[in-house]
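# Reading the structure
Residues per chain are reported as follows:
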Amino acid sequence: MFFSIIIPLYNRPQEIKELLETLTEQTYKDFEVLVIEDGSVKNAAEVIREFEGKLNLRYFVKANEGQGFARNYAFERAKGDYFIIFDSDCLIPADYLQIVNNSLATNWLDAYGGPDDAHPSFTPTQKAISYSMTSPFTTGGIRGNKKGIGQFHPRSFNMGISRQVWEKVGGFIITRLGEDIEYSIRIHSLGFKIGLIPDAKVYHKRRTNFLQFYKQLHFFGRARINVYKFFPQQLKAVHFFPAMFTLFIIFTIISNIVSWSIAQLCNIVLAVVILLIFFHSWWKNKSLKIAFLSVIAAFIQLTAYGLGFMQDFWKRIILKKS
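Here's a quick rundown of the structure.

## Considering the pattern of salt bridges
By the definition in use, this model includes 12 salt bridges. The partner of Lys205 in a salt bridge is Glu18, and the shortest N-O contact between them spans 2.1 Å. Of this pair, Lys205 sits in the loop between β10 (202-204) and α8 (210-230) while Glu18 is found in helix α1 (residues 13-23), placing the two residues 187 residues apart along the sequence. Residue classification places Glu18 among the partly exposed residues on the basis of a relative accessible area of 27%. The residue Arg77 makes a salt bridge to Glu76 at a minimum N-O spacing of 3.4 Å. One continuous salt-bridge network, built from bridges that share partners, spans Asp38, Lys62 and Glu65.

Structure follows, in structure tokens:
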């Protein structure tokens, strides 16, 4: 199997350097790398030159259109039997491609996704964010999980598709705001076999501080409504959970200010949620600091997603604005 690794890039030269360094360590060598500079002001040309002779690497520069269309640009130029998409803020374990190759040889998938994890070098904040995005107590628990809820949709930070999928399905038709979910749904709809490769994990840095994380998750909440506009049947009850949680937080604050009798019950429920997240993160990460930060990250994740979801639900579904 010859793989084409596709990485869209926008103003992140240091990130791509760290990612490419991990690709030089792959134990499986039959692959090429396509880096698509999507209209960056701060480009990675100097970084790319450092890897000449170390990787089968091709570097393209194009006008900014967003990550979805940058991937399409790479699909059209890729030589591989199988295309693998990474986000630029990922680190790839040395045995990743070997795991994928072995898995596809024994259990063929036309498209696959893999989980994400926190690298030991990540900051406590990054580890807390990673916990939040993969925790069973937040909506992140459905990502990269064999026991996930409903149909599995690979996400573009760690996603692979066969050349046959691209030839029949085509590329991304939206460039951001849930473009990977929409693409996965279309692949499913044409009868291709999609699944999770549990051991094909990447270390996903995500955002380095909570403000960036809030903005990203607010965007994700809006993206779910964008996917709904293409596939209304894909809006499930679970997608409303962050919005309901956000409304519960607002109601709890108001009830405490007004001194309603129900405030005590709300506070107890909130305390139970906080303790569950704290002790689960402590058990998983073996760090009190990360456990404390995980509570903050989880609340940011749920409320940011919830507010973004409600914003575009109101604007695009209730008010029917484009």
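## A short note on the sheet that holds β10
One open sheet accounts for three strands, arranged β5-β10-β7; its pairing is mixed. Each edge of the sheet is formed by a strand with only one pairing partner; in this case those strands are β5 (90-91) and β7 (116-117). The sheet contact formed by β7 and β10 spans two bridges and is parallel. Bridge pairing in β10 links Asp116 to Val202.

## Let's talk about the packing of aromatic side chains
Each pair of aromatic rings is reported with the distance of its centres and the angle of its planes. All told, the structure shown has 20 aromatic pairs when counted by the stated rule. On the basis of an interplanar angle of 40° and a centroid distance of 4.4 Å, the ring pair of Phe172 and Tyr183 is categorised as tilted. With Phe172 in the loop between α6 (163-169) and α7 (179-189) and Tyr183 in helix α7, this pair connects stretches of sequence that are 11 residues apart. With relative accessibility at 4%, the residue Phe172 sits in the buried group. Since its relative accessible area comes to 0%, Tyr183 is described here as buried.

Thresholds applied
- Residues numbered from 1 in each chain as written.
- Predicted model: local features only at pLDDT ≥ 70, side-chain atom pairs only at ≥ 80, totals over all residues.
- Heavy atoms only, no water.
- Salt bridge = Lys/Arg side-chain N within 4 Å of Asp/Glu carboxyl O.
- Helix = DSSP H or I, 4+ residues; strand = E, 2+ residues; numbered from the N terminus.
- Buried < 20%, exposed > 50% of the residue type's maximum accessible area, 1.4 Å probe, protein only.
- Pairing = 2+ DSSP bridges.
- Phe/Tyr/Trp six-rings, centres within 6.5 Å; stacked < 30°, edge-to-face > 60°.

Geometric descriptors of this kind do not, in isolation, establish any biological role.
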